[in-house]
Amino acid sequence: MTMTKNRDITRQAATTNDVASPVCGGECKFITRDVNVFYGEKQAIFDVSLDIPDRSVMALIGPSGCGKSTYLRCLNRMNDLIDICRVEGTFLLDGEDIYSGAIDPVLLRARVGMVFQKPNPFPKSIYENVAYGPRIHGLAKNKADLDEIVETSLRKAALWEEVKDRLDAPGTGLSGGQQQRLCIARAIATRPEVILMDEPASALDPIATARIEELIDELKENYCIVIVTHSMQQAARVSDRTAFFHLGRLIEEGPTEQIFTAPREKQTQDYITGRYG
Amino acid sequence: MILLATLLVLAVAALGWWLARRRARQVELRAHGHRDRLHSRPVYHGLYVAIWTGVPALLLLLAWIVVQGPVLDALLLSSLPQDVVRGLDENARAVLLNEIKTRAAGNALPGQPAPYVLEAVQRLLRWRAIADMAALALSLAVALAGLAFSWRRLSPSFRARKAVERAFTWLMLLCASLAVLTTVGIVLSLIFETMRFFTMVPLSEFLFGLRWEPQIAFRPDQVASSGAFGMIPVFAGTLLISAIALGFAVPVGLLSAIYLAEFASGRFRAVAKPTLEFLAGIPTVVYGFFAILTVAPAIKRFGEALGIAAAPNSALAAGLVMGIMLIPFISSLSDDALAAVPNALREGSIGLGATRAETIRHVLLPAALPGIMAGVLLAASRAIGETMIVVMAAGIIATLTLNPFEAVTTVTVQIVTLLIGDTEFDNPKTLAAFALGFVLFLVTLALNMLSMHIVRKYREQYD
C-alpha cells in the first residue's frame, strides 16, 4: 500500500541526522522530508518537508482541502486504512522511519495517538473507554493498576471530577465537550509520545472549546502535539509553531508569533487576514 | 348484468371526469394565466366529479352482489308450498334450494323434478332478470345523480383539491385497515378453533403430553382408537431442527458478514453480497429437493462411515438445509449493522493502536449487536415457522429424541398432514392443527416482538 524505497530512506535518514534540524536542534520528534500523498491519480500533498519539535504544539492551518488533515494522518499511518491512498517520502519518528517494515503500524499508533474531529467514544462505559487502550496493549498488571491508569488519564484530560461518580455510565451519554475530553483521556491512557488532533474543537461550543485549549496547553508539558485547526485564533492561542498549507503545499512554517505578525509569504498573509479561505 | 352495470358506471365516471376537467380548463384559459381565477387545477375538478359519480354507484353494486343471493333464497323459500317447506330441516332446505338453482342454470339432474320445483325455477329466473335490470337502472341513476350533484357544486372557487385529497386519505386508511383487520380475523379464527379443540382434549394433555398420535377411530371398536395429543415431541422436533439450522447459520452468516463488511475488497463484495441475498430468493421447495436428494443421502453415507445408523430423513439433513436458507438473513442484516457503525469508531479504535481483530471484537460487534440480534431472531422465527423444507425432508412420526441422525417431525409438518385430504372440522384430529398453529403463532410473535424491542432499545444509541 505504501511504497517507499528503503535505500532512499537510509540515505535521507543519515542526512537529516547529520544536519541537525534548524527548527529544533536535536529535539525533533518528527522529521518529514519530501512527502507526496496520492488518492488514486489525484495528488493531495506536494513535496512537504516539516520538522515537529517535542513537548510543544504544532498547528497546521490552511483552507479546506489544503492537505493538512491528510498530512496529519500520515504521521500515524491512518491513511493505510484508505485503499487508494499512496504515501511517498520520509517520516522519521525519533530518527526511525515509520514507513519502513521495521515498525508495525499497530505499535506506531500506540506511540502516536489521535483525537478526531467528531468525538467518537466507543459504545461502552466511561471506564471501559479509557481502559480500552491499556487493555489491548497490556499496560496494566492488575485491576488496581488499570484503575489508576484510568484515573490519571481522566485527571490529565480534566474530566475526572465530572465523571468520577459515574464511571459505569455510557461514554456516549456525556455532552459533546465531555466526550471529546474522554477521547483525549482515552488517547493519553495508551501512554503515547505524540498526540495528533484533527480539528478537536470544531464540533464544540465556545466554552467546551476553551476547556480543550487549556487542556492542550497543559498536555504539551509532556507530549508532542500536532493539531489541525480551521480557527486561526485557536492556532494563535494554543500553538508554539504554525505551518500554513495551501493546495497541498507547505507555504510557510515558523514560530506562531512570526506567522501571525510578520508572515514571509503573501499567501499566508492573505489567509490569516481573512482575504480567502 | 352486474358486470355491464359496473362498466357503465365507470364509463359515466370517466365522462364526468372529462367534462369537468374540460370546463375547468376553459375557465383557466379565459383567466389568461391569472392563478386566482381557479382554486384547484382542472385535474382535481375532473377527479372530484369522477369520485362522486363512480364511488357511490360502485358501492351500491357491491352491496347488491352481497345481498341479492340471500334475499332471493328467502323469497324462493316463502313462495314454495308451505306443506313442502314445513317438513324440511335446515340442511334439506339448502339441498332443495340448490336443486332449484342448478336446474335454473340449465344443468341436468337425475330424476323427474316435482312440479313445484319447476315453478320455482321459472320464478327464480324471472326474479333474477328483474333484479339485474333493477341493479343496472339503480346504479346508473345513482351515478348520474352523483354526477349532477358534483357538477353543480363545481365553481372556479370550489376547493376540489381538498375534497379529492380527503377522498384519497380515506382510500389509504381503508387499505391500511384491510391488512390489520385480516390479521385480526385470522388470529380470532385460530383462537376460536383452538378453544373448540380444548373442549375435546384437555389443555394439560396438550401442553405436557409426551405422545403425539393424532388418529381418531372410524368405528368405536377399532384397535388403537384413542389418539394422543401431547405437543411436547412435536415441538421438541421443531426445536431440534431449528437449533441445528441456527447452529449452522449463525456462525457462517456472522463470519461472512464480518468478512464482507471489514475485509473484502470492493469487487468481491459487489459480487458476493448480491449472491448471498440471492439465496433468500430461492423457493423453499427447491431447498426441499436439495435436502432429500443431496444432503440426506450424503448424511446417511457419512453416518454409515461412522457406524451410526442415520435415518433417510434425519433431523440433521433438514436442519442443515434450513441453515443454508437462513444464512442470507443473518449475513445480510449483520452486514448492514456492521456497515452502519460509524467509521469514526473504527478509526478511533485503530488510532489507539488496536488491530483490526481487536477493533471488530471490542468495538464493532458490540456496536452492531442489536442489528445482529435482530437478524438472528428473525432467522429463528423463520426456522420455527418454515414448512416446505421439513415437509419434504423431515419425518412424520413424532419421536422424542435429541439424536440428529434420527427422523423427527415438526409442528408445521404435523399441521400440513392433519389438514391434507378429506377433513371435517368436528374432531380433535383436525382441530389439533389449529391448536398447534396457535402455539406456533405465539412463539414467532414473541420472537418478533423481542427482536423489535431489541432493535428499538439499542437503535441510535451509538450515533
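Remember, predicted model here, so these are calculated numbers, not experimental data.

Caption draft 1: The sheet that holds strand E9 (residues 241–246) of chain A, seen in detail. All names here are of chain A. Strands sit in the order E6-E7-E8-E3-E9-E10 across an open sheet of six strands; the sheet is mixed. Of all strands in the sheet, those with a lone pairing partner are strand E6 (112–115) and strand E10 (249–255), marking the two edges. On average, each strand axis in the sheet is inclined to that of its neighbour by 15°, with strand direction left out of account. Bridge count for strand E3 (residues 57–61) against E9 is four bridges, and the pairing is parallel. If you follow Leu60 over to E9, its bridge partner there is Ala243.

Caption draft 2: Seen up close, the sheet that holds strand E1 (residues 28–39) of chain A. Residues and elements named next belong to chain A. Strand order in the open sheet formed by four strands is E2-E1-E4-E5, and the pairing between neighbours is antiparallel. With partners counted over all chains shown, the strands left at the sheet margins are strand E2 (42–53) and strand E5 (96–97), one partner each. Pairing analysis gives two bridges linking strand E4 (residues 85–93) to E5, with the strands arranged antiparallel. Pairing of Leu93 across the sheet is with Glu96, part of E5.

Caption draft 3: Structural detail: the environment of Thr190 of chain A. Relative to the helices and strands, Thr190 of chain A is located in the loop between helix H7 (176–189) and strand E7 (194–198). On the accessibility criterion, Thr190 of chain A (4% relative accessible area) is buried. Separated by 77 residues in the primary sequence, Thr190 of chain A and Gly113 of chain A have C-alpha atoms spaced 7.9 Å apart. Contacts of Thr190 of chain A, omitting those with residues within four sequence positions, involve Ala110, Gly133, Pro134, His137 and Leu139 of chain A together with Leu352 of chain B. In terms of polar contacts, Thr190 of chain A uses its side chain to reach the backbone carbonyl oxygen of Ala187 of chain A, at 2.8 Å.

Caption draft 4: Geometry of the interface of chain B and chain A. At the junction of the two partners, chain B supplies 19 residues and chain A supplies 24 residues. Taking both partners together, chain B and chain A bury about 1800 Å²; carbon and sulfur atoms supply 65% of that area. Counting every contact that joins chain B to chain A gives one salt bridge. Across the pair Arg73 of chain A and Glu347 of chain B runs a salt bridge whose closest N-O atoms are separated by 2.8 Å. Mapped by element, the contributors of at least two residues to the side of chain B that touches chain A are helix H12 (343–351) and helix H13 (356–385) of chain B. Taken together, the residues that form the side of chain B that touches chain A break down as eight nonpolar, eight polar and three charged.

Caption draft 5: Local environment of the pairing of E10 of chain A. All names here are of chain A. The sheet contact formed by E9 and E10 spans six bridges and is antiparallel. In the strand pairing of E10, His246 is matched with Arg249. Adjacent in sequence and paired antiparallel, E9 and E10 are bridged by two residues, among which Leu247 carries a positive phi angle near 50°.

Caption draft 6: Structural context of the nonpolar core. Phe197, Phe206, Trp212, Ile241, Met322, Leu326 and Leu436 of chain B are the most contacted members of the largest nonpolar core, which totals 63 residues. By size, the runner-up hydrophobic cluster in this structure holds 59 residues, among which are Val115, Leu146 and Ala187 of chain A together with Val341 of chain B.

Caption draft 7: Just unusual backbone geometry, in detail. Residues and elements named next belong to chain A. The phi dihedral of Arg55 is positive, around 45°, even though this residue is not glycine. Structurally, the position occupied by Arg55 is in the loop between E2 and E3. Classification of Arg55 as partly exposed rests on a relative accessible area of 48%.

Procedures and definitions
The numbers attached to residues start from 1 for each chain and follow its sequence in the written order. To label them, take the chains in the order written and letter them from A, then take the ligands in the order written and number them from 1. At least 70 in pLDDT is required for a residue's local features to be given in this predicted model, at least 80 for side-chain atom pairs to be given and counted, and no such filter applies to totals for whole chains, interfaces and linings, which use all residues. Each side-chain value is derived from all of the structure's non-hydrogen atoms; neither hydrogens nor water enter the calculation. Two strands qualify as a pair provided DSSP detects at least 2 bridges between them. Each helix corresponds to a stretch of at least 4 residues labelled H or I by DSSP, and each strand to a stretch of at least 2 residues labelled E; elements are numbered beginning at the N terminus. Only the stretch in contact is used when a helix axis is fitted, and all axes are lines through C-alpha atoms; the angle between N-to-C directions ranges over 0 to 180 degrees. Accessibility here uses a 1.4 Å probe with only protein chains present; expressed as a share of the type maximum, an area under 20% marks a residue as buried, one over 50% as exposed, and anything in between as partly exposed. Contact criterion: two residues are considered in contact whenever any of their non-hydrogen atoms come within 4.5 Å of each other. Any N or O atom pair separated by 3.5 Å or less is treated as a polar contact, with the protein-specific requirement of one donor-capable and one acceptor-capable atom, and with residues adjacent in sequence counted only for side-chain atom pairs. Buried area: the accessible area, evaluated with a 1.4 Å probe, that two parts lose upon being put together, summed over both parts. Salt bridges are defined as contacts in which a side-chain nitrogen from Lys or Arg sits within 4 Å of a carboxyl oxygen from Asp or Glu. Asp, Glu, Lys and Arg are counted as charged, while Ala, Val, Leu, Ile, Met, Phe, Trp, Tyr, Cys and Pro are counted as nonpolar; the rest, among them Gly, fall into the polar class. By convention a nonpolar core is built from buried Ala, Val, Leu, Ile, Met, Phe, Trp, Tyr and Cys residues, the set being connected through side-chain atoms within 4.5 Å.

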